[in-house]
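Here is what each chain is made of, one letter per residue.
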Amino acid sequence: MLSIVAACAMAADRERAEFLRGEIARHDDLYFRRGEPAISDAAYDALKREYAAMIAKLPELTDAGSLESIGDDRTGLFPSRRHGRPMLSLKKAYTEGDVRAFEASVVRRLGEESPAYVIEPKYDGVAINLVYEKGELVHALTRGNGIEGDDVTSTIVALTGVPTTLPARGDERIPQRVELRGEAFVMFEQFQRSNRDREEAGEPPHAHPRALAAGTVRLIDANERGRRELSLVVHGWGAWEPTATRPRSHPEFLRVLHGWGLPGTDASEAVPGGDALWDRILEVGARRATWAFPTDGVVVKVDATLTRDQLGEGTTAPSWALAVKFPSEQVMTRIVGITWQVGRSGVLTPVAELEPVSISGVTVARATLHSPAHLLRMGVRVGDTVEVERAGEVIPRILGVRMDKRASDATPMVIPRSCPSCATMLVEMNDGATLRCDHPACPARRLRRLEHFVSPAAVDIPGFGPALLEALIAAGVMRTPADLYRLTHDDLVRAGAGGGARRLLESVEASRGRELWRFIHGLGIQRIGAATARALADELDDLAALLGEPSVRENNAAAPINISAWAALDRHFSDPDNRAEVEALVAVGINPSRTKQGAISTGLLNGHTVVFTGKLAGLARDEAVGRVRAAGGKVSSAVSAKTTLVVAGEAAGAKLDEARRLGVRVVGEGEFRKILAGEIEN
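My aim in this report is to walk through the structure given alongside it, one point at a time. (Residues numbered from 1 in each chain as written. Predicted model: local features only at pLDDT ≥ 70, side-chain atom pairs only at ≥ 80, totals over all residues. Heavy atoms only, no water.)

### As for the overall build of the protein chain
- The secondary structure content of the protein chain amounts to 23 helices and 24 strands.
- With an accessible surface of roughly 30600 Å², the protein chain has 51% of that area assigned to carbon and sulfur atoms. (Helix = DSSP H or I, 4+ residues; strand = E, 2+ residues; numbered from the N terminus. Areas by Shrake-Rupley, 256 points an atom, 1.4 Å probe, with all protein chains shown as cover.)

This is the structure we're talking about:
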């Protein structure tokens, strides 16, 4: 009979085990289905190790379900289909000891010296299985539970440019059936662009590129797909029938992929075992900060296919591969306040004000808490000690609260009922997950809209920072963009511009000559980002045409203007105040004609359709796009038969492979600059 102490201890263990199982299930949902992990991989693995220890102590819990699984990303929104071969996860390593233990296991199983390996980046996105039968793409599936996954074929084809037919090459046979395993991910540049668009639309930003990738892969709305970009990389295979036609090594596999027009892991490299393996892992890890795509480590794989067969696979992971994780730098700091930022659409975003702390060489003093729902879910309080990282080495992100360090006077956060800027009662949206101020004259909204209008992404009027704009608003001389063009020298001096007033007036005057798309984008219309603004400017005669009848606008517009964009325009201009803003701009002489009439065009790229892929070292993407348009060319987001030129930067992916497959001319950044300068033929 158990003693009272032993019985109490066992009850506590059961309670802890139940808590762990619930926490692991919650984090599985956040990671696999939503793409929004709330803790690091190392912390998640620690939870699973602790739960496994509990199972060993309490055998009766075994029936509750083993956690030796790969998770489940199925949503119930798509048909599920079975994989030909299970789509497994990878064993994880965090230390040199973990890597040496893996290699020792490989050597022990083979009974011979260490084999050759390959190392490649571990892309941080959504696992995808491309299924081809007789050379035709029949399905694109998510990993799901490893046995079956969601069928997301239409989205993958639409957004990645993946070939739907594998071309025959010489004497090489197309497999009867092949499963190509890869990762759908979002480049850092697209991640930042998407978050800017979400802010414009009054939506909370994505916390991490993986969250955006997970949401994009599962898009149902075809119109919404026009606003997204998704990249794809293929790194392995599942079923391959007949097996005799399989590649004999990883380099051979990459050559086959290239011939099929599929993107492989260009950064893959061979390495021997032993001391060289860990040294090379560290070398590759040191280059991670230069990659234009999100990663969370590297993958080490045995090179030879027959050796992989010898090593075999377990129930959840192959015995011939290892994921070596590089945990991002995480630091602790204290929350000294939580402020509510009002965006130009009126949506409120909670922001944690932090005791300044250095992360990866960058001083961080603020971190977004995304939304009221996210703030409440995390349970953050003013005075809390929190763990912070830079998500994807880009955006400061609070990982969680250190409950063991919570002060007794930590103050729970009260969700506001009224706008902190104008005291207007807030409107709840999305079942209370989002708060919005709908008062059009809200000073904070007015300030954010004017900040956007003068920003480099819009009309680009340098010198008008938040402090000056706020002073002008407070003085009653600034309400709408048109007021910029009515400012006097005295107005600016009284607002604190001092000796810079004349220069500011010159900046305002120079902006009158900006392209039409910049003014359209500067209006801050929800769901009208820079790309849509350019497409509108290509088709509408002038700024005043925005106010025309919807049917007139739509009949004059090209395909890039999708249904949701037209609906956004109609909603925006159904408000008399918004119509008055455009009328006021026209009244002060701001009415540029559409850019494609383009007296400024050099004509060097007339008739050309250009696609950019990868990261350009010396040109921002918006600037590069602007130069193409100024030269008379068009810019597309995907490679097609109409594409005439592809400009490839660092870490170019699927678009580069598709260009090679179609025989489209590919140039680097240097050659692109020479084309624009007229130094070489286009």
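After that view, the rundown keeps rolling.
### Description of helix α4 (residues 153-160)
- Of the positions making up α4, those classed as buried are Thr-153, Thr-155, Ile-156, Leu-159 and Thr-160. Each buried residue of α4 lies within a common arc of 165° when the element is viewed along its axis, so the set occupies one face.
- Looking at the residues trailing α4, positive phi occurs at Gly-161, about 70°. (Buried < 20%, exposed > 50% of the residue type's maximum accessible area, 1.4 Å probe, protein only. Arc of directions from axis to C-beta.)

### Things to note about the pairing of strand β5 (residues 136-142)
- As paired elements, strand β4 (residues 126-133) and β5 share six bridges and run antiparallel to each other. Residue Ile-128 lies in a different strand from β5, and its bridge partner there is Thr-142.
- Between β4 and β5, which pair antiparallel one after the other, the connecting turn spans two residues, and Lys-134 there sits at a positive phi close to 55°. (Pairing = 2+ DSSP bridges.)

### Brief notes about the packing of helix α3 (residues 96-110) against helix α9 (residues 275-286)
- Interaxial distance between α3 and α9 falls to 10 Å at its minimum, and their mutual angle equals 135°. For the element pair α3 / α9, the angle class is oblique. Where α3 crosses over α9, the two elements pack in a sense that is right-handed. Here α3 contributes Glu-96, Val-99, Arg-100 and Glu-103 to the contact with α9, which in turn contributes Asp-275, Leu-277, Trp-278 and Ile-281.
- In terms of residue class, the contact of α3 with α9 is made up of four nonpolar, no polar and four charged. (Axes fitted to C-alpha atoms, helices over the stretch in contact; angles between N-to-C directions. Parallel < 35°, antiparallel > 145°, perpendicular 65-115°, else oblique. Left-handed = near helix turned anticlockwise from the far one by under 90°. Contact = heavy atoms within 4.5 Å. Nonpolar A, V, L, I, M, F, W, Y, C, P; charged D, E, K, R; others polar.)

### Here we look at unusual backbone geometry
- The residue after Glu-241, namely Pro-242, is reached through a cis peptide bond having omega 0°.
- Secondary-structure assignment places Pro-242 in the loop between β8 (231-241) and α8 (250-260).

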